[in-house]
Every structure is written in C-alpha cells, then in structure tokens.
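Inside the fold
Residue strings, one per chain:
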Number of protein chains: 2
Amino acid sequence: MPYLTAASLAEQLTVTRRLTSEPFGVNLFVPGEPARQDDVARYAASLADTARHAGIELGDPVFEDDDWTAKLTLLLHEPVPVVSFTFGCPDAETVTRLQGVGSEVWVTVGSPQEATEATTAGADVLVAQGSEAGGHRGGSDDDASIGLLSLLQLLAARTHLPLVATGGIATGAAVAAVLAAGARAAALGTAFLCCPEAGTAPVHREAPHRSAPTAVTRAFTGRAARGIRNQFLDQHTAHAPAAYPEVHHLTAPLRQAGRARGEADLVNLWAGQSYPLVRDLPAADLVRRIDAETQAALQAALSAVNRSDSPAADQ
Amino acid sequence: MPYLTAASLAEQLTVTRRLTSEPFGVNLFVPGEPARQDDVARYAASLADTARHAGIELGDPVFEDDDWTAKLTLLLHEPVPVVSFTFGCPDAETVTRLQGVGSEVWVTVGSPQEATEATTAGADVLVAQGSEAGGHRGGSDDDASIGLLSLLQLLAARTHLPLVATGGIATGAAVAAVLAAGARAAALGTAFLCCPEAGTAPVHREAPHRSAPTAVTRAFTGRAARGIRNQFLDQHTAHAPAAYPEVHHLTAPLRQAGRARGEADLVNLWAGQSYPLVRDLPAADLVRRIDAETQAALQAALSAVNRSDSPAADQ
C-alpha cells in the first residue's frame, strides 16, 4: 500500500550496491497527519463523473505513513551515504541516529523558515527547491512558493550549510547559474524524464511535445505538485483538499488506467517549468552534455563581465 | 490623472539629460481595455468597510491610457536610447517608428508565448521577468508565471534576441547567475528600494524589516502585482477583479492616506521575493558592490567546477 514498501527499498538497495560503488541516496517522505474524512469524501464525490466516464472504480482513500518506521530501521542497519527527506523535516533524534551510522542527512526546503527548521534539526545539507520544480513540493504544503534564484539568495544569507539547488534546471546554463548563486550542486529531475533508463510511462514520455503550461495542483494526490495541465488537473484542482496520501490512493486506479490506455488527460504529468527543454538522451550522455554546458556557460559569463569592465569597452 | 503625464515625462527627460550623458530608457505602460463596470462597482462595495474605517473616500474608478499617444509623440520628437514596454506588447508599427528615430525597443515578457509575440512585433531586446519580481507583472495579466531561471532557459532556446533578466535579483551572486544562464544584463528594482535616492515612502522603506512573505494580488490596482502581505492584501485579494487602472484610481486615496499616516496595512508594499536582502546604500555604492560580487561569484563557481573535474578530486 505505501508508495514504496520497506521490502522493495531493501531490494533496490541490494541491486544498487551491485551496480555501483559510487555514493547514492535514499529519499524518504516525512509522514503527515490523516485528513478530515469529510473533505476526502466530498472530493471523492466530485470525481464520480470522471471515474464513471472512464469506467474505473476509485481507490480506497486510506491514510498510511509510507512504511516510515520500517524504512528508518532498514537505513540504520544498512546505512547509505545520503538520506534525504521531503514533505517536511524529520525530528532531531532521527537526524542524529542517521548521522550516527555515517549517513549525511539532506532536507528539502522551500523557504527561509523551513531552512531554519532543518538547520535546528541538525541537517547536513539543504535541498533548496524552487517554485519551478516538477512533482511534489518538498516542504510544507501551503500555496506560497519562492523562485529558485530568489530562494538561493535568501538561504545563502542565512545559513552556511551546503545548498543543493533544484527546480526547473534543464540545461548546463542553469547548473552554472545555481553554482554562481552559491549552490554547491544541482539536482535535476524532469531533465531525465525521457532518458531511455527512466521508468516513465509512454503517455508521460510524450508530454514534452505538448505545449500546455504547467500548474500546481492537489487534484491527483492531495499534496501540492506541479504537472503539465490536462483535463483532470483543470477540472479538479479548485476543489481538491490537502489530504495526502488519501487522495493519492483515491485517484490511483484512474491514473493507472490512463497510463495503460494512453489517456494523458487522466494522468499526473509531473513536470517542472522547463519541461519543453527535456532531451531524450541516455542518462550518462545527458550528464556529460550538461557538464560541458556548465563550464562553457561560466566561462562565457566571466568573459562578458571582464569585457564590459575593461576600459576599451567604455570608449 | 495618468500615473505619469506626458508633460511630467517631458520635464523628467530634460532633467535627466542635464544630469547625465549616459544612455537611459523610458518605460511605457501598454494600454488595456476598460473593465466591466459591474465588476468594479462590486469591488468598490467590498472595500466600503475598509474605507469607512480609515475615514477615507474611495477614488473615482476611471479608465484612461496613461497618456499613451502623447508620450509616444514626445518620444518620437525627443528620442531616448531605450523605450521599454510593460503590460503587453506594442504593435509592429509603433516599434518601427521608435526604431526609426534611433531608439532601441525593449519589451517585457513572462512566457515563451509573449516572447514570440514581442519578436514578431520587432522588439530589439526582451526583458525576461520571472515570477519572483516585485510590483506589476509585465506581460499578460493571467495567473501563471514562470520562475526567472526557468524562463531564461526557455527563452534562450527560442530566440537570439538579447535577454535582460529581472525578478528577485538582490545580489551580485544572482546577477552572476542570470549572466551564466544566458542573459546579457540584469535589471534590479526592489534592490534599490531603500537607497537614499529612491522616492520610497517611509512606511514602504521600513517594509524590508518585516518578515511577512510576498503574494501576487490585484487588490490595489486591478493588475497582478507582487507585494509584501499586509491586511489590505489578505482581505481583498480573493475578490479583486482584473480592472486596471480603474482599481488603481479606486484605491489611490486609501494608499495615499496609508503612506501619509504611516499605516502600512493600507499601502501597496511592492517588493520582489528577495526583499529581505535589500541594502540601504547609496545607489552608486550598491551598483559597485553588486558588480564586485558578480565577478567574485563567477570566479568562485568556475573554480569549483574545475576543481571537481580534476582527477585529484576523484581520488
């Protein structure tokens, strides 16, 4: 029932360790609180027409914690180099225990307040997620969100923790930009959407050829997430409650049917705001290209600044 | 009645030419269409309590075009190096006439679609305004908006026109970032809010010491604009219509009273998302600091990338 069970995670760790000796990380969803059942029932009722039209029965909107305790136990017994958190901040005890077995703790934040919370909890690294990001928002589930470049400046002024920038980074020029803004690294998600290695459904893989803008919605999962606008998103965003993972389970059969049948209008087409720039290259080639673009972008910018500062340019 | 009359603009041009021989620009508001009077009347009614409580009579919600024709005539007779446009795209004839008297035409855009429109109209330069920006949004008045770093990548992939980046740029690190992302220049607004030279009201000058987040609202002017959240914004955003400049004139006496009395909760506290980083330095000092920060940020980023690519770093 969880998004990923602790048993599946254990298998994935075994496979990953067989494939590489490089450092890697595991990302955990910090559990929230059960939603009001009234809110969920009202939303389920509003989806009835869509479900009937698709010939699909809605899922059971249960609350669960994504195997939180079992996953933490696993990670304390089989430590990984990085444990990152999203959907909130783990408590200081959890952070300390993971650090005690040698893991670095990374916490996803979207505002200066969340950065302070993560710093107080003892995080080693802050993952600064800008409003451009595709998929779920990492921090608190409210409507405000800050553009990546503004967020990086605000966090750099407030903390000495290393920052990993994420949200809308599709090119080496943007990696160069976040490094110049003070980030230690960039994390890319949507950029890998169409790599042959990605587990992206065909209907989602075609999405970058659409021209629709993205929007933030709770319609698919009950948590704010950015996806490419489609019929489901446009029809149901306005009345979707904050109720994760209840709404996730409620809409799962619809989304699964949409993926199986190639009906993009039923599927959560998660994508960041730079999604039209996605490239369908093998992952390693994409990383190499982005690395080359990053260096070229920094060198070009530095040359331009030096040129405009030279006396000759003023004449 | 306009925000700035053509006669006042003419005076400002004379003064500016006396002060400097450096290139400068004039920014024009592209006029819209009158709003539905019903919408404006309904909004006026919803402001009645706030106005009564403040002891202020609301303004007359007239439509006008900010002296559009007279200003264009002035600028064709007394050309300036740059004429920039916001609130929409001028038609191709207007662009051609201004270029004919030697002016560069810059158009503010917030999306790839608006960039295409401006390019088709013949713009020389695109001002790429990210969602982080304070004050009015430059392009169309809809609710979608794109983070600056994502917007720069999307525009760079689509046009060879020079890009000027704006929105949430408060530090040289961010100037470095937008240059690395492919912008030719950066335009800063909120960063100058507290300079002694700025015509900022005292109540607005204190705003950076507040800790409230910003939000986008039509409550003050009838056009989407970002400001620091206060009581007026929180109470009236939900029901404010798209009706510029009618709502601007409607709320003008309230905002004027707020500024005069030091009541921040009545005032449009325009500010970009990086506003907590505003520095109260003289403008020239601020520019020099930002320039030094820009160079340092690019050099540091390039060194970091070169270091991480060297074989020694992998050992």
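Counting restarts for each chain: residues are numbered from 1 in the order of the written sequence. Think of it this way: whatever chain is written first is A, whatever ligand is written first is 1, and the rest follow in order. Thresholds applied to this predicted model are a pLDDT of at least 70 for local features of residues and 80 or more for the giving and counting of side-chain atom pairs; totals over whole chains, interfaces and linings are not thresholded and use all residues. Just so you know, side-chain values use all the structure's heavy atoms and leave hydrogens and water out.

This part is about the interface of chain A and chain B. By a widespread convention, an interface's size corresponds to the accessible area lost as its parts come together. Tallying the contact residues gives 38 residues for chain A and 38 residues for chain B. Carbon and sulfur atoms supply 63% of the area buried between chain A and chain B, which totals about 3,000 Å² over both sides. Contact with chain B buries area across many residues of chain A, yet L149(A), Q153(A) and L302(A) alone supply 20% of it, more than any other trio. We define a salt bridge as a contact between a side-chain nitrogen of Lys or Arg and a carboxyl oxygen of Asp or Glu at a distance within 4 Å. Summed over the shared surface of chain A and chain B, the result is zero salt bridges. Two N or O atoms count as a polar contact when they lie within 3.5 Å, although within protein this holds only if one can serve as hydrogen donor and the other as acceptor, and sequence-adjacent residues are included solely when both atoms are side-chain atoms. In this structure, the connection of chain A to chain B is made through 14 residue pairs in polar contact (both at pLDDT 80 or more). Per-element tally for the side of chain A that touches chain B: the top contributor is helix α12 (residues 283-309) of chain A, with 11 residues. Under the scheme applied here, ten amino acids are nonpolar (Ala, Val, Leu, Ile, Met, Phe, Trp, Tyr, Cys and Pro), four are charged (Asp, Glu, Lys and Arg), and all others, including Gly, are polar. Within the side of chain A that touches chain B, the residues separate by chemical class into 22 nonpolar, 13 polar and three charged. In what follows, a contact means two residues having at least one pair of non-hydrogen atoms within 4.5 Å. Computed with a 1.4 Å rolling probe, the buried area is the accessible surface lost when two parts are put together, summed over both parts. Here a strand is any run of E in DSSP of at least two residues, a helix any run of H or I of at least four, and the numbering for each starts at the N terminus.

Attention now goes to the packing of aromatic side chains. The geometry of an aromatic ring pair is captured by the separation of the ring centres together with the interplanar angle, meaning the angle of the planes. Residues and elements named next belong to chain A. Aromatic contacts are taken between Phe, Tyr and Trp rings whose centres are within 6.5 Å, Trp giving its six-membered ring; a plane angle under 30 degrees counts as stacked, one over 60 as edge-to-face, and the others as tilted. For the coordinates displayed, the defined rule picks out 12 aromatic pairs over all chains. Arranged with centres 4.8 Å apart and planes meeting at 20°, the rings of F220 and F232 form a pair that is stacked. With F220 in the loop between β8 (214-217) and β9 (225-228) and F232 in helix α10 (residues 231-236), this residue pair connects regions lying 12 residues apart in the sequence. Three or more aromatic residues joined by ring pairs form one cluster here, namely F29, F87 and Y244. Remark: a charge is flagged as sitting over a ring if the NZ atom of Lys or the CZ atom of Arg is within 6 Å of the ring centre and within 35 degrees of the ring normal. For R223, the ring lying beneath its charged end belongs to F87, and the centroid distance is 4.1 Å.

Right, let's get into the pattern of salt bridges. All names here are of chain A. With the rule as written, the count across this model stands at 20 salt bridges over all chains. The salt bridge partner of R17 is E78, with a shortest N-O separation of 3.4 Å. Of this pair, R17 sits in helix α1 (residues 6-19) while E78 sits in the loop between α4 (68-77) and β2 (82-86); the two residues are 61 residues apart in sequence, bridging distant segments of the chain. By relative accessible area, R17 is classed as partly exposed at 35%. With a 1.4 Å probe rolled over the protein chains alone, any residue whose accessible area is under 20% of its type maximum counts as buried; one over 50% counts as exposed, and the rest are partly exposed. In this structure E78 comes out as partly exposed when scored by relative accessible area, which is 32%. The closest approach of N and O atoms between D285 and R288, which form a salt bridge, is 2.9 Å. Here the residue D285 and the residue R288 both occupy positions in helix α12, the gap between them amounting to three residues, near one helical turn. Judged by its relative accessible area of 32%, D285 falls in the partly exposed class. You can call R288 exposed: its relative accessible area is 55%. One salt-bridge network, held together by shared partners, links R36, D38, D39 and R42.

Any two strands are treated as partners once DSSP identifies two or more bridges connecting them. With antiparallel pairing, three strands are arranged side by side in an open sheet as β5-β9-β8 (chain B). What marks the edges here is a single partner per strand, and that holds for β5 (135-136) and β8 (214-217) of chain B.

For the rest of this paragraph, the subject is the relation of the copies chain A and chain B. Rotating chain A by 180° and moving it 0.0 Å along the rotation axis overlays it on chain B with an RMSD of 0.0 Å. Within this description, the copies of the chain are treated as partners about a two-fold rotation axis. Closest to the rotation axis within chain A is the C-alpha of A177(A), separated from it by 1.9 Å. Comparing contact sets, 100% of the residues at the interface of chain A also lie at the interface in chain B, consistent with an isologous, same-surface contact. We superpose the copies by least squares over the C-alpha atoms of residues that have a pLDDT of at least 70 in both of them.

A few words now on the domain arrangement of chain A. Residues and elements named next belong to chain A. Domains assigned within chain A are domain 1 (1-30 + 64-188) and domain 2 (35-62 + 190-285). The domain limits used here are those given by an automatic or database domain assignment. Placing a centre on the C-alpha atoms of domain 1 and another on those of domain 2 gives a separation of 23 Å. Contacts between domain 1 and domain 2 engage 23 residues on the former and 24 residues on the latter. A buried area of about 1,900 Å², summed over both sides, lies between domain 1 and domain 2, and 52% of it is on carbon and sulfur atoms. Taken together, the links from domain 1 to domain 2 amount to zero salt bridges.

Our focus in this paragraph is helix α7 (residues 148-156) of chain A. The buried fraction of α7(A) is high, at eight of nine residues. Residues L148(A), L149(A), S150(A), L151(A), L152(A), Q153(A), L154(A) and L155(A) constitute the buried set of α7(A).

Values of pLDDT, ranging from 0 to 100, describe the predictor's confidence in every residue of the model. For chain A, the mean per-residue pLDDT works out to 95, and 97% of the residues sit at or above 70. Scoring of the predicted complex yields 0.96 for pTM and 0.95 for ipTM.

What follows concerns the nonpolar core. The biggest cluster of nonpolar side chains holds 113 residues, and the ones touching the most others in it are L152(A), L298(A), L152(B) and L298(B). Here this core gets eight residues from one element, more than from any other, and that element is helix α8 (residues 172-180) of chain B. Ignoring sequence-local partners within four residues, the contact set of L152(B) consists of A128(B), L163(B), A165(B), V178(B), A181(B) and A183(B). Note on terminology: a nonpolar core comprises buried Ala, Val, Leu, Ile, Met, Phe, Trp, Tyr and Cys residues joined through side-chain atoms within 4.5 Å. V40(A), Y43(A), V247(A) and L250(A) belong to the second-largest nonpolar core, a separate cluster that totals 19 residues.

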